[in-house]
Amino acid sequence: AQTVTQSQPEMSVQEAETVTLSCTYDTSESDYYLFWYKQPPSRQMILVIRQEAYKQQNATENRFSVNFQKAAKSFSLKISDSQLGDAAMYFCAYRSRGGTYKYIFGTGTRLKVLA
Amino acid sequence: NAGVTQTPKFRVLKTGQSMTLLCAQDMNHEYMYWYRQDPGMGLRLIHYSVGEGTTAKGEVPDGYNVSRLKKQNFLLGLESAAPSQTSVYFCATRTSDGNEQFFGPGTRLTVL
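Residues numbered from 1 in each chain as written. Chains lettered and ligands numbered in written order. Predicted model: local features only at pLDDT ≥ 70, side-chain atom pairs only at ≥ 80, totals over all residues. Heavy atoms only, no water.

Asks: Which parts of the structure should I look at to understand the environment of Glu 61 of chain A?
Replies: Residues and elements named next belong to chain A. In this fold, Glu 61 is placed in strand β7 (residues 60–61). By relative accessible area, which is 42% here, Glu 61 ends up partly exposed. In this structure, the C-alpha to C-alpha distance between Glu 61 and Ser 7, residues 54 residues apart in sequence, is 24 Å. Excluding anything up to four places from it in sequence, Glu 61 contacts Val 48 and Ile 49. (Helix = DSSP H or I, 4+ residues; strand = E, 2+ residues; numbered from the N terminus. Buried < 20%, exposed > 50% of the residue type's maximum accessible area, 1.4 Å probe, protein only. Contact = heavy atoms within 4.5 Å.)

Now the structure itself:
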């Protein structure tokens, strides 16, 4: 069975600085998807970024980028130029490319942004 | 275009009471999911559906039942609520060929 681990329950970053959130996963599959979701205090889950395992190029979305290391089964999220609105819970998630329909979520990292 | 909506947003139950949570979507998505979110545990899948009339168990199905009689609705039922079911419940949808899940706003349920 696949697992997703986020080892940092909480992180802090100074406004305008850069922070990296860690995520590791375990799978025997070769093709899958990885996601980062943001959950602000409103509780709404928002997709931040998506990575397809067969693509070697790291995904980027404006200030958000990932460092995808397939061999190491690592999928970290880098937030550049942190803003107060980035404060939220961040969840890493995994989904197989075919067969199953389930997403597996990590336990989350709470990001605090300091003014 | 409301997306994914959940009813109710908050509810307090007494142990042993029953209730149904409604998830409705207007995006014509095939897949629908029910998750629960507890502190320090992330989101855990309760049940899911790959289409109208179908349901399947997820990671933590005990104590819950679901029905998908209409494509746009996915109901989550608690027949006899227990304090361990105090949680925030999220519904999500996905297209059959897509990868992004679209989440509802969540329902906070407290069982006393």
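Asks: What is the right way to read the state of the cysteines from this model?
Replies: Scanning all chains against the criterion turns up two disulfides over all chains. In this model Cys 23 of chain A forms its disulfide with Cys 92 of chain A; the gap between the sulfur atoms is 2.0 Å. When the S-S torsion is -70°, as for the bridge of Cys 23 of chain A with Cys 92 of chain A, the disulfide is left-handed. On the criterion of sequence distance, the pair formed by Cys 23 of chain A in the loop between β3 (19–21) and β4 (24–26) and Cys 92 of chain A in strand β10 (residues 88–96) is long-range, its members being 69 residues apart. Summarising the burial analysis for this pair, Cys 23 of chain A and Cys 92 of chain A share the class buried. Residue pairing for Cys 23 of chain B: its cysteine sulfur links by disulfide to Cys 91 of chain B, the two sulfurs lying 1.9 Å apart. (Disulfide = S-S within 2.5 Å.)

Asks: I would appreciate a short explanation of the sheet that holds strand β1 (residues 4–7) of chain B in the present structure.
Replies: Sheet strands line up and pair through hydrogen bonds in the backbone, either parallel or antiparallel. All names here are of chain B. With respect to topology, four strands assemble into an open sheet ordered β1-β3-β8-β7, the strand pairing being antiparallel. At either end of the open sheet lies a strand with only one pairing partner, and these are β1 and β7 (65–67). For this sheet the average axis-to-axis angle between neighbouring strands, irrespective of direction, equals 20°. Pairing of β7 with strand β8 (residues 73–78) involves three bridges; the strand directions are antiparallel. Across the sheet, residue Val 66 finds its bridge partner in β8, namely Leu 76. (Pairing = 2+ DSSP bridges. Axes fitted to C-alpha atoms, helices over the stretch in contact; angles between N-to-C directions.)

Asks: Can you help me understand the interface of chain B and chain A in this one?
Replies: Reports of interface size often rely on the accessible area that becomes lost once the parts have come together. Taken together, the 27 residues of chain B in the interface contact 17 residues of chain A. Both sides of the chain B and chain A interface together cover about 1,800 Å² of buried area, and 53% of this is carbon and sulfur. On the chain B side of the contact with chain A, Leu 43, Asn 99 and Phe 103 of chain B bury the most area, a combined 31% of that side's loss. Linking chain B to chain A there are zero salt bridges. (Buried area = accessible area lost by both parts, 1.4 Å probe. Salt bridge = Lys/Arg side-chain N within 4 Å of Asp/Glu carboxyl O.)

Asks: I would appreciate a short explanation of the packing of aromatic side chains in the present structure.
Replies: All told, the structure shown has 18 aromatic pairs over all chains when counted by the stated rule. Between Tyr 103 of chain A and Tyr 33 of chain B, the ring centres sit 5.8 Å apart and the planes meet at 85°, which makes this aromatic pair edge-to-face. With Tyr 103 of chain A in strand β11 (residues 103–105) and Tyr 33 of chain B in strand β4 (residues 31–38), this residue pair bridges two chains. The exposure class assigned to Tyr 103 of chain A is buried, which follows from its relative accessible area of 3%. Seen from their ring centres, Phe 105 of chain A and Phe 103 of chain B are 6.3 Å apart, and the 75° between their planes marks the pair as edge-to-face. You can see Phe 105 of chain A sitting in strand β11 and its partner Phe 103 of chain B sitting in strand β10 (residues 102–103), one on each of two chains. Assessed through its relative accessible area of 8%, Phe 105 of chain A is described here as buried. Cluster of aromatic residues (ring-pair linked, three or more members): Tyr 33, Phe 35, Tyr 37, Tyr 103 and Phe 105 of chain A together with Tyr 33, Tyr 35, Tyr 48, Phe 90 and Phe 103 of chain B. (Phe/Tyr/Trp six-rings, centres within 6.5 Å; stacked < 30°, edge-to-face > 60°.)

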